[in-house]
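Architecture at a glance
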Amino acid sequence: LPVYCIDDINAHEIDDGVSIESADLPGEYWIHVHTADPASSIVPRSVIGMRAESMIRSIYLPERVVSMLPSNIVRQHFSLAPNRPCLTFSARLNRNGDLLDEKITPGIVRNVVYMTPAIVSSVIGENVSTEETVIALGDRENQGAIKAEGLVLEKQDITGVHEENLKLLDTLGKARQALTAARGAVAITTATFSSTVLLDQKAMSVNETEFTSHRQQRDPHI
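This write-up is about the structure you can find in this document.

Reading guide: rules and limits
- Residues numbered from 1 in each chain as written.
- Predicted model: local features only at pLDDT ≥ 70, side-chain atom pairs only at ≥ 80, totals over all residues.
- Heavy atoms only, no water.
- Helix = DSSP H or I, 4+ residues; strand = E, 2+ residues; numbered from the N terminus.
- Buried < 20%, exposed > 50% of the residue type's maximum accessible area, 1.4 Å probe, protein only.
- Contact = heavy atoms within 4.5 Å.
- Areas by Shrake-Rupley, 256 points an atom, 1.4 Å probe, with all protein chains shown as cover.
- Core = buried A, V, L, I, M, F, W, Y, C linked by side-chain atoms within 4.5 Å.
- Pairing = 2+ DSSP bridges.

A count of helices and strands for the protein chain gives 4 helices and 8 strands. In the protein chain, the succession of helices and strands from N to C terminus is β-β-β-α-β-β-α-β-β-β-α-α. Here the protein chain holds 222 residues, and 32% of them are scored as buried. Taking as baseline every contact in the protein chain between residues at least 6 positions apart, the subset at least 24 positions apart corresponds to 64%. Only carbon and sulfur atoms are counted for the fraction: they give 54% of the accessible area of the protein chain, which is about 14800 Å².

Before going further, it helps to examine the nonpolar core. Soluble globular proteins: nonpolar side chains tend toward being buried together. Formed by 18 residues in total, the largest nonpolar core has its most connected members in Y4, I20, I31 and M115. Secondary structure elements with two or more residues in this core: β2 (16–22), β3 (28–36), β8 (111–115), α3 (117–124) and α4 (160–182). Setting aside chain neighbours within four positions, we find M115 in contact with Y4, C5, I6, D7, V120, V152, L153, I158 and L166. Among the nonpolar cores identified, the runner-up in size contains 9 residues, and V3, L80, A81 and Y114 belong to it.

Within α3 the residues assigned to the buried category are I119, V120, S121, V123 and I124. The inward-facing, buried residues of α3 abut β1 (2–6), β8 and α4. Where α3 terminates, the next one or two residues include G125, which has phi positive at roughly 90 degrees.

Our focus in this paragraph is the pairing of β1. Along β1, 4 of the 5 residues are buried, which leaves the element largely enclosed by surrounding structure. Relative to β8, β1 runs parallel, the two sharing 5 bridges. For V3, the partnering residue across the bridge sits in β8 and is V112.

This part takes up unusual backbone geometry. Even without a glycine there, the phi angle at I56 is positive, about 75 degrees. The residue I56 is located in the loop between α1 (47–55) and β4 (59–60) in this model. Residue classification places I56 among the exposed residues on the basis of a relative accessible area of 67%. Despite not being glycine, N83 has its phi angle at roughly 70 degrees, a positive value.

Remember that the coordinates give geometry; whether it matters functionally is a separate question.
What follows is the structure, given as structure tokens:
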């Protein structure tokens, strides 16, 4: 099945994706949420396992990410990508949003499709606001583009099958949301914003690591 990994183009790791398929009865579908499964490949008392135990979680700062696991290993082995392990959380729904069945299974993703939330919104017909306010300060010499990893689909690359799947996922998701809201569930939304801090790499000591403090010779670009 196509597994849709929907994330920001600058995401440091791809940790989940979603797929959909028809069940054996008309009007019923299996929605699968595939999550990256690094634990399936990590020996508990190995160097990586002990680092994860001591770090507990990754720390996301505006200027850098202190990863619970080595970032190069995450990109090469643990992020969702073709032929990598996953844990799949599945829900069987009808078009009314009723939860009919559920299961959790280990597996391997094969057909992975990367796209941004904006592309998904355009495919399912949602209006996406393009208005933004940009506030920048600091030395502009530090500004640089962040390259995205992986092949991210653009709208013109979306096939009929992908468009049908995404619209069906949207329809079933909204039906489920309406059903739970009618039962008293509360939807919590937060404002979205992003900030980027670009540092003067030339002024950093070569001996510094991600676990040490950084001294800047001039203002970073924010």
